[in-house]
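Examining the three-dimensional arrangement
Now for the letters of each chain:
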Amino acid sequence: MLPPLPGALVGLALITLLGLYAVLGPYVSPWSPTDIDYRALSVPPGAGHWFGTNRIGQDVFAQTARGLRKSLLIGLFVALASTAFAALVGTCAGYFGGWTDRVLTFVVDLFLVVPGFLVLVMVAPALRAAGWVAYAGAFAALGWMLTARAVRATALSLRERPYVTAARHMGVRPLRIVRRHILPHMASFLITHATIATAGAVISEAGLSYFGFGVQPPDVSLGTLIADSTEVALTYPWMFFFPTGMLLCFVLAVNLVGQALRRVLDPSAAGAEVPA
Amino acid sequence: MAGRALPRITRSIALLLVSVLVSYVVASAALCPRAHFEDRTPRPPAAAVDHELAAVGLDDSTPVLARFGHWAWRALHGDLGRTIDGGSVNAQLGERIGVSVRLLLVGTLAGAGLGVLAGVWAAVRRGRLPDHAMTVLSFLVLSVPTFVLALLLKDGALSFNHCLGHTVIRYTGESTPDHKGTWTSQLADRSSHLVLPAATVALGSIASYSRYQRAATLDLLAADHLRTALAKGLTPGRALLRHGLRVSLIPMTTFFSFGFLTLFTGSVFAEQIFGWPGMGSWFLEAAQEGDVNSVVAVCLFSAVTVLLAGLLADALLLVLDPRVRR
């Protein structure tokens, strides 16, 4: 594997390129994602259509940019929301202990009993109509449990540290202790987690859309683009290659950065470099 | 020992019951069975739709909890209700459960077994070619979403079969329809169908298990008791096997129960992509049709398997770690 620093640089460069493509792609391309070029059905990549066209004559470059933008937006939102929520639940369970802990741990376990993907299949179509924040919120609501467990374990050990006890005896309010003395200690873990969670969210969104429960036409995401081109992956490879390639590049890049972050910020986890 | 097991089992049963209640409520709120009956030409009158909904126990004029109570009472007597087409959920479950259990079992065994072996091997060859190759490979596998992995495997098998000139690896269904023959040819047929879905499900687990196992084994190789074993003259391989493997497996039991969740999701993808008539593909169909009872049946299945995996992990820990038994 690449050593951390070059790996992280490659990852960051890839993420920047993908981000630029997602944001600027639609402005650079002469085609919009919904334009249909009736004289160019299924043409391979060339001067007119940089990434070729699909079977109904839509420009693959413009469509992929749009799908990627949607995926990145959801990934970012979910990573931030789920990490924040996991931090809140985990620290509360670990720091307050007792019944708070018991109830929160039961809720965490309850969320883990039925795989999140199954729940997403049920709720995503209903939430989609309420806008992308609700749609992305569903991914966040089903992706915080394992982090919360890890946060809880750390909070449990931090609770007995002398400076935390001192703060408690000085009369600092519990929530302030959590905010000022417990959370900063986990910042590195949370940052690493948020990075890797971005990839996880992009993967689940693509999976959900692939099976037809996510984004619906005329809107596109990487998952629907991959689903539409799967059958012709061997005959018209460009339709499949570009969206799939973008998805793989993004996940790989995020994992490279995540791994480097973990090595730098959390020396204890040096051996266990498991990405999303 | 019984004193430790009992609370865990009670807790699992409580989780199971609450999760079934929650999935019933979520499924009833999110799915729309009415649309399935109304979406016909000519559009049936509302009273007819109401009648059909009531026949399958999805009458939306009664409150959700009352419907759940009715369903749960029947379920406790072993009847999981009607599918949206009026068939029996139990019958569907019976047909499909074997397919899924087979895939999950093969995936779990291959994933955990090969993952642990690969991890130990990488740790023993630390810093050399096998270690580096394994690190890069597992990193790549973990960066490929499961459904993309399945698609790539399918395309790979297509090209492979094309090169060989006849179909060696099959990629649709779990057996060839109307395949008659001796049990050996049946077995060969089923195995050639099993290869790709099992690989889809297992590759991710192999990759992540091998990472954790590598780390655990590395910690172990530096441990005092292993040095003692070497000092008294055991060969490295024997020392690792007799004094190492068991200790390094202890932290793996935690990953086992979480790893199973990923594995379950992977099996849903694999079933759908390779056309296996299992629980996962049933779930996706049922969710599309608004078939609440079938969806809940699959949720029940997933809850049972996930909780069993958790209990199995606990049991493994008990076997491996004498300190826990006290």
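Keep in mind that what you see is a predicted model, and the values were worked out from it rather than measured. (Residues numbered from 1 in each chain as written. Chains lettered and ligands numbered in written order. Predicted model: local features only at pLDDT ≥ 70, side-chain atom pairs only at ≥ 80, totals over all residues. Heavy atoms only, no water.)

Secondary structure summary: chain A contains 11 helices and zero strands in total. For chain A, the sequential pattern of α-helices and β-strands runs α-α-α-α-α-α-α-α-α-α-α. For the C-alpha atoms alone, the extent of chain A along its principal axes is close to 75 × 45 × 30 Å. Counting every position in chain A, which comprises 276 residues, the buried fraction comes to 51%. For chain A, the share of sequence-separated contacts (at least 6 apart) that also reach a separation of at least 24 residues comes to 70%. Entry remark: accessible area of chain A is about 12100 Å², with carbon and sulfur atoms responsible for 70%. Averaging the coordinates of the 18 positive side-chain charges in chain A and doing the same for the 12 negative ones gives two points 15 Å apart. (Helix = DSSP H or I, 4+ residues; strand = E, 2+ residues; numbered from the N terminus. Buried < 20%, exposed > 50% of the residue type's maximum accessible area, 1.4 Å probe, protein only. Contact = heavy atoms within 4.5 Å. Areas by Shrake-Rupley, 256 points an atom, 1.4 Å probe, with all protein chains shown as cover. Lys, Arg positive; Asp, Glu negative; His and termini not counted. Charge placed at Lys NZ, Arg CZ, Asp CG, Glu CD.)

Scanning the model with the defined rule gives 18 aromatic pairs over all chains in all. Here the aromatic rings of B:Y212 and B:F255 are separated by 3.6 Å at their centres, their planes lie at 15 degrees, and the arrangement is stacked. Here B:F255 lies in helix α11 (residues 252-273) and B:Y212 lies in helix α8 (residues 183-221), a separation of 43 residues in the sequence. A:R102 extends its terminal NZ or CZ atom over the ring of A:W99, reaching a point 4.7 Å from the ring centre. (Phe/Tyr/Trp six-rings, centres within 6.5 Å; stacked < 30°, edge-to-face > 60°. Lys NZ or Arg CZ within 6 Å of the ring centre and 35° of its normal.)

This part is about the interface of chain A and chain B. Listed by partner, the interface residues are 42 residues for chain A and 48 residues for chain B. Here chain A meets chain B over a buried area of about 4000 Å², counting both sides, of which 83% is carbon and sulfur. Linking chain A to chain B there are one salt bridge. One salt bridge connects B:R11 with A:D109, and the closest N-O pair in it is separated by 2.4 Å. Broken down by secondary-structure element, the contributors of at least two residues to the side of chain A that touches chain B are α3 (98-113), α4 (116-128), α6 (145-158), α9 (187-210) and α11 (237-265) of chain A. It is α11(A) that provides the largest number of residues to the side of chain A that touches chain B, a total of nine residues. Here the side of chain A that touches chain B is built from residues that sort into 31 nonpolar, eight polar and three charged. (Buried area = accessible area lost by both parts, 1.4 Å probe. Salt bridge = Lys/Arg side-chain N within 4 Å of Asp/Glu carboxyl O. Nonpolar A, V, L, I, M, F, W, Y, C, P; charged D, E, K, R; others polar.)

Here the focus is the pattern of salt bridges. Residues and elements named next belong to chain A. What the rule picks out here adds up to 12 salt bridges over all chains. A salt bridge links K70 to D219, with the shortest nitrogen-to-oxygen separation between them at 3.0 Å. Of the two residues, K70 sits in helix α2 (residues 60-96) while D219 sits in the loop between α9 and α10 (222-229), which places them 149 residues apart along the sequence. Counted as one network, the salt bridges with shared partners bring together R66, K70 and D219.

With that out of the way, let us pick up the packing of α11(B) against helix α12 (residues 279-289) of chain B. Think of two packed helices as two axes; the pair is described by the angle between the axes and how far apart they sit. Residues and elements named next belong to chain B. It is the contact of α11 with α12, at a shortest axis distance of 7 Å, that shows an interaxial angle of 80 degrees. When the interaxial angle is binned, α11 and α12 end up roughly perpendicular. Across the interface between the two elements, V268, E271 and Q272 from α11 touch M279, G280, S281 and L284 from α12. Split into classes, the residues belonging to the contact of α11 with α12 amount to three nonpolar, three polar and one charged. (Axes fitted to C-alpha atoms, helices over the stretch in contact; angles between N-to-C directions. Parallel < 35°, antiparallel > 145°, perpendicular 65-115°, else oblique.)

Residue and element names in this part refer to chain B. At a closest axis distance of 10 Å, the pairing of helix α7 (residues 146-164) and α8 adopts a crossing angle of 145 degrees. The element α7 and its partner α8 pack so that their crossing is right-handed. Across the interface between the two elements, T146, L149, A150, L153, K154 and A157 from α7 touch L196, A199, T200 and L203 from α8. For the contact of α7 with α8, a count of residues per class yields seven nonpolar, two polar and one charged. (Left-handed = near helix turned anticlockwise from the far one by under 90°.)

On to the nonpolar core, then. Counting residues in each nonpolar core, the largest one holds 130 residues, and the members touching the most others are A:L208, A:L247, B:F147, B:F283 and B:V295. A total of 12 residues in this core trace back to one element, the largest contributor, which is helix α13 (residues 292-320) of chain B. Apart from residues lying up to four places away in sequence, B:V295 is in contact with A:M122, B:A27, B:L31, B:F283, B:A286 and B:A287. The next biggest cluster of nonpolar side chains, apart from the first, holds 12 residues, and it includes A:A155, A:V164, A:A167 and A:L190. (Core = buried A, V, L, I, M, F, W, Y, C linked by side-chain atoms within 4.5 Å.)

Attention now moves to the confidence of the model for chain A. Per-residue confidence for chain A gives a mean pLDDT of 83; residues scoring 70 or more make up 93%. Counting interchain partners and residues more than four positions distant, the pLDDT-below-50 stretch residues 270-276 of chain A has 27 contacts. (pLDDT = per-residue confidence, 0-100.)

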